[in-house]
Number of protein chains: 2
Amino acid sequence: MLIVKKFGGTSVGNTERIKNVANRIAKEYCAGNDVIVVLSAMDQTTDELLDLAKELNANPPKREMDALLSTGEQTSVALMAMTLAGMGIPAISLNAFQVAMHTTAIHSNARLKSIDTERIEHELESKKVILVTGFQGLNKYGDVTTIGRGGSDTTAVAIAAAMHADSCEIYTDVDGVYTADPRLVEGARKVEQITYDEMLELASMGAQVLHNRSVELAKKYGVELVVRSSLNENEGTVIKEVVNVESMLISGVAGDKKSARVTVTGISDIPGSAYNILNILANNSINIEEIHQMAAKDGKEDVSLIMSKENVDDTVALLEKHLKKLGADGVDVDREIARVSIVGASVQGNPGVAATMFEALYKAGINVKMIGTSEMRITVYIEEEEMNKAVKAVHAALIG
Amino acid sequence: MLIVKKFGGTSVGNTERIKNVANRIAKEYCAGNDVIVVLSAMDQTTDELLDLAKELNANPPKREMDALLSTGEQTSVALMAMTLAGMGIPAISLNAFQVAMHTTAIHSNARLKSIDTERIEHELESKKVILVTGFQGLNKYGDVTTIGRGGSDTTAVAIAAAMHADSCEIYTDVDGVYTADPRLVEGARKVEQITYDEMLELASMGAQVLHNRSVELAKKYGVELVVRSSLNENEGTVIKEVVNVESMLISGVAGDKKSARVTVTGISDIPGSAYNILNILANNSINIEEIHQMAAKDGKEDVSLIMSKENVDDTVALLEKHLKKLGADGVDVDREIARVSIVGASVQGNPGVAATMFEALYKAGINVKMIGTSEMRITVYIEEEEMNKAVKAVHAALIG
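Since the model is a prediction, treat every value here as computed from it, not as a measurement.

(A) Structural detail: the relation of the copies chain A and chain B. Superposition of chain A onto chain B requires a rotation of 179° combined with a translation of 0.1 Å along the rotation axis, giving an RMSD of 0.2 Å. Overall, the copies show the geometry of a two-fold rotation axis. The rotation axis passes nearest to the C-alpha of A:Thr71 in chain A, at a distance of 2.6 Å.

(B) Structural view of helix α3 (residues 62–86) of chain A. Taking 1.5 Å as the rise per residue, α3(A) with 25 residues should run 36 Å; its terminal C-alpha atoms sit 37 Å apart, in good agreement. Burial analysis of α3(A) places 23 of its 25 residues in the buried class, the great majority of the element.

(C) Seen up close, the sheet that holds strand β13 (residues 252–256) of chain A. Residues and elements named next belong to chain A. Reading across from one edge, β13-β18-β20-β19 is the order of the 4 strands in this open sheet, with antiparallel pairing throughout. The open sheet has two edge strands, β13 and β19 (370–374), and neither has a second partner. Across the sheet, the mean angle from the axis of one strand to that of its neighbour is 20°, orientation sign disregarded. Examined bridge by bridge, strand β18 (residues 337–343) and strand β20 (residues 377–383) share 7 bridges and lie antiparallel to one another. Across the sheet, the residue bridging to Ile342 is Ile378, located in β20. Sheet strands in contact with helix α7 (residues 196–204) are β13, β18, β19 and β20, and its direction is about 170° off that of β18. Along the sheet, helix α13 (residues 387–398) makes contact with β13, β18 and β20, crossing β18 at roughly 15°.

(D) Highlighting the interface of chain A and chain B. Each side of the interface is counted separately: chain A has 26 residues, and chain B has 26 residues. Looking at the side of chain A that touches chain B, the elements with two or more residues in it are α1 (15–30), α2 (45–56), α3 and α4 (96–99) of chain A. Looking at which element gives the most residues to the side of chain A that touches chain B, the answer is α3(A), with 13 residues. Of the residues in the side of chain A that touches chain B, the class split is 14 nonpolar, 10 polar and 2 charged.

(E) Broad picture of the nonpolar core. Judged by nonpolar contacts, the single largest core of 212 residues is most densely connected at A:Val37, A:Leu131, B:Val37 and B:Leu131. Ignoring any residue separated from it by four or fewer positions in sequence, one finds A:Val37 in contact with A:Lys5, A:Phe7, A:Ile25, A:Met80, A:Val129, A:Ile130, A:Leu131 and A:Val132.

Thresholds applied
- Residues numbered from 1 in each chain as written.
- Chains lettered and ligands numbered in written order.
- Predicted model: local features only at pLDDT ≥ 70, side-chain atom pairs only at ≥ 80, totals over all residues.
- Least-squares fit on C-alpha atoms with pLDDT ≥ 70 in both.
- Helix = DSSP H or I, 4+ residues; strand = E, 2+ residues; numbered from the N terminus.
- Expected span 1.5 Å × (residues − 1).
- Buried ≥ 20, exposed ≤ 12 C-beta atoms within 10 Å, placed from the backbone.
- Pairing = 2+ DSSP bridges.
- Axes fitted to C-alpha atoms, helices over the stretch in contact; angles between N-to-C directions.
- Contact = placed C-beta atoms within 7 Å.
- Nonpolar A, V, L, I, M, F, W, Y, C, P; charged D, E, K, R; others polar.
- Core = buried A, V, L, I, M, F, W, Y, C linked by C-beta atoms within 7 Å.

Next up, the structure:
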């Protein structure tokens, strides 16, 4: 078997943990498997480097930021190779240059394009454990790029796809994907299997287990993912295209407070008003999560936008500048909202699911401000301070 | 003018110092010069990485050690590029892959072979300051090598040679090359000019200003070196092929305690005894600094070897194993010796110099155990505890 394993920054955060991970890798290797390991930077290393950089330049060039941050994973893989060598396991570290891990040219948020598998194959043939730097790549100019925070998951999936690995295991500090945040909901259960699409919906709705792009890539190349803990031997969650029919109706309940609502009020009810708003924001690279257009009253209508809280200030400034062009009265902001979502392949075909969700929210006395749906998701927007109560109530009613 | 500047780990040891060096670079750049800067790892970084490695594997593979340590210089150059960018100076960091800096294949002590100057030339044409990682290279397998501690000096000289630079400045924490260690000898003076050969003799005799290999390389390619302080604007010392005739008779007095003496006693006076000893040591890669063969007494002779203290244990074990083959009685060790050397182009042709040196030692009551000479050097071996007294006495007599 060819197994790709990815360990995050917490799993290699100090020498004791590096040794634990090395033991885990050794076990897999000694069972006769070919093992490729993708590592993140040691916990805190990235933050320390960011602090140093900020002291020297508040707005450092992204190319140099990438050059700087990429040293973190290089340190991890070299240390792991040494640890394995000390245990008698032949191992070799490979950085983005050596692999080579080709990406697009854009710094700090590049996308993986292709992987030269020749060196990896060569080293596997001589029965070495391969340790690859996550998070980083090489653009066509020969410069180091990084692929966004959490990008090591994507590195692992890309290697698994390129090498046609039998398995791709993402190790983290939780046992797998849960039906809700277990720190929040006592009855939260680990999900045994979940589809790529459900995982993507859960992730975009606040479940922080996997880097979204890694799931997209796994779906595209049919790489079966396993999310499991680096701290125990528990089974973890399998993410794949089709899951057992007996799987739960609802895969999970997610809540997050990262979004805010910006409402443009009193827009003259003329065609194209929503388009005009979106056009202004798109031209300024501001991403909208959802858009809601209320029915017009007295020839005027409101348009509400849900977006990341960090984009609110820029958005308000932009919209106020264009109020006249938009034919609107003003801009309202509500930062005190939270999202609670249920995700599951069966959400759409089962009207009972939505009914149960709203009944639970009503009984808990929670006021729903807005509703959004997709093929396998129902999201409600509520008061921020009621999020935890809402997640608990919905989880209890639908999952137990 | 094309200027190559090298700053060591102390000069970039924290963000304040990085800013100081950036100011210095900016000044040179703004005067209209092309500037290439070679940097070492930030002070302590290398030691911290070595400690981490040691915790994980007492005897780590050298390939992985090189991969690990090379992150130190990558961090320095990226941080410096950001700092310069913040000051409005266009700058770009280049690592060993990007340059590319080709070396021999051997890890931890590789030798520079060639430099691809294309990328550097290209970036210079677009008027950028080039920041190059010192100390590291790339071997034919595409793996990172390092060229020995202090190797950044050599990197700078190699780039100056390849780029036909007008000047190569090595910045350090002293003002230049001194006639003796100024912490030890009050009257020590900065040397204005010194030849490559004198510098090589001084360096191998304990003066720690420059990496020896960098001076050899500078001599080979005729690169004029300037050693100066990163803390002030003083002139520094120029190292070149021919110096002013008015230059001092003696360039410097150096002392060090790094060596020990191992004596093989009672060797039967047969041809080849010294050869046999050297052969055994060479086969075990033990380097000998000097060898002294005393006149035979009663058909038996002693052979004394001067070597680095760290090689003594291995040497004694080896020689004792081969005592019979060597036809010797035993092995004596004297770890309590120091070397004091005077270096200068005029040493050989001026018998008065040697006389003055020995008179000074005699008057100071210092017993000379052994003497070694070369074309431009006289070295005495004395009691370790008398080293400082000897250096002062010789310096006072010959330099003042």
